[in-house]
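# Coordinates in review
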Amino acid sequence: MTRHLVDVFETMVSMQASLQPMADIPLFESRVTGSVGFAGANVTGAVYLHMSAPFATTFAAAMLGLKPAEISDDNEVNDVIGEAANMVTGGLKSWLCDAGTDCAMSTPAIIRGKSFSIEPAPEVEREWLVFECDKNFIVVEIHIKLN
Amino acid sequence: MATKVLSVDDSRTIRLIVGRAFKPYDCEMVEACNGEEGLAAAAREKPDLIILDVTMPIMDGVTMLTRLKEDEALKAIPVIMLTAESGRENVLHIAKLGVRDYLVKPFKEDQLIEKVGRVISLQKKAAVPA
C-alpha cells in the first residue's frame, strides 16, 4: 500500500512522497478527500485519500500539466483526486485479490469540507498511513472488514 | 490519414493524459466517458485502437469489451485496457476477454505509447516548416 501511494505520486506527478512514522493525524483546515469502496464475498471496505485543499490543487495542476493558478474549477481537482484514490485502492485490491480475497471497486467519490471525520461502521478495522510530500501531508485511511 | 484512437474513461484527467501522450503523433483522438458511449463511438468512428478503462459508471470496460467482441463489425478493433488493478486474477480475466494488451495505473505516457506502438503503427507529426 505504501509502495503503491509512492508510485502514484512518483509516476503521475514526479513528486516524492514518504511514509511518516506513526504520529498524530494531521488536521487540515480545508480538506479534499477522494474515496473508493471495495466489496467482495469475503471483504468490504473503503480507502480515503485525504489532503489539504491547497495541496490538492497543486497535485491536480501537476497531473494536468498546468500551473496551480490555472486551475479554476473544483471539478478538475475532484477528478484528479478521485483518480488518485482509484489508483491507490487498485493497489490494495490487487493485493487482496492475490491473497485469494477478490472484490470489486466502486467509482470514486469526493468529500470536501472543514473539520469532518469519517467513522467506520461497527466491526470495521481502520488503519491510517501518513505521508509527507513537499512539506504537505497526505493521509490514507483504510476501512476494512474481513468476513 | 490520421490514426484514430478512441479513449474511453470516466476520468477527464486520464482522457487528458492519454490525449497528451498521442499529441506528437498523427492521431485523431475521440473520447467517451463510459462503456455505453464508448460502444456508440466505436460504431460511429471505427477507430484504429481503443484505450479502455475498466471501472466506469453506466457500463464498465469489461462489459463494453465483451459487447465489442460480440459485434462482427467491431470485434477486430484492437483494445488496450487501462486498469488500476494488477492482481493476477484480474489480469488473467482481462486477457481472456481478448485485449491486445493492458497497462496498470499509475502509468507514464511513454509506457502507453510503447504498448500502443506494438499494436498499431504510429507516425510522428510532420515538422511544420519555419
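Let me sum up the structure you'll find in this document.

Conventions and cut-offs
Residues numbered from 1 in each chain as written. Chains lettered and ligands numbered in written order. Predicted model: local features only at pLDDT ≥ 70, side-chain atom pairs only at ≥ 80, totals over all residues. Pairing = 2+ DSSP bridges. Helix = DSSP H or I, 4+ residues; strand = E, 2+ residues; numbered from the N terminus. Right-handed = clockwise from strand over helix to strand, strands pointing away. Contact = placed C-beta atoms within 7 Å. Nonpolar A, V, L, I, M, F, W, Y, C, P; charged D, E, K, R; others polar. Axes fitted to C-alpha atoms, helices over the stretch in contact; angles between N-to-C directions.

## Re the pairing of strand β1 (residues 3–8) of chain B
Residues and elements named next belong to chain B. Pairing between β1 and strand β2 (residues 27–32): six bridges, direction parallel. Looking at β2, one finds that Thr-3 is bridged to Cys-27. Considered for its hand, the β-α-β crossover made up of β1, helix α1 (residues 12–22) and β2 is right-handed. Where β1 lies against strand β3 (residues 49–53), four bridges are found, and the strand directions are parallel. Bridge pairing in β3 places Val-8 opposite Leu-52.

## Details of the interface of chain B and chain A
Quoted interface sizes are often the accessible area lost when the parts come together. Facing 21 residues of chain B, the contacting portion of chain A comprises 22 residues. Within the residue set of the side of chain B that touches chain A, elements represented by two or more residues are α1 and α4 (88–96) of chain B. Counting residues per element, the side of chain B that touches chain A draws most heavily on α1 of chain B, at five residues. Here the residues of the side of chain B that touches chain A are counted per class, giving seven nonpolar, six polar and eight charged.

## Describing the sheet that holds β2 of chain B
Residue and element names in this part refer to chain B. With parallel pairing, five strands are arranged side by side in an open sheet as β2-β1-β3-β4-β5. Two strands in the sheet have a free side with no partner beyond their single neighbour: β2 and β5 (101–104). Sheet twist, expressed as the mean angle between neighbouring strand axes with direction ignored, is 20°. The pairing of strand β4 (residues 79–83) with β5 spans four bridges and is classified as parallel.

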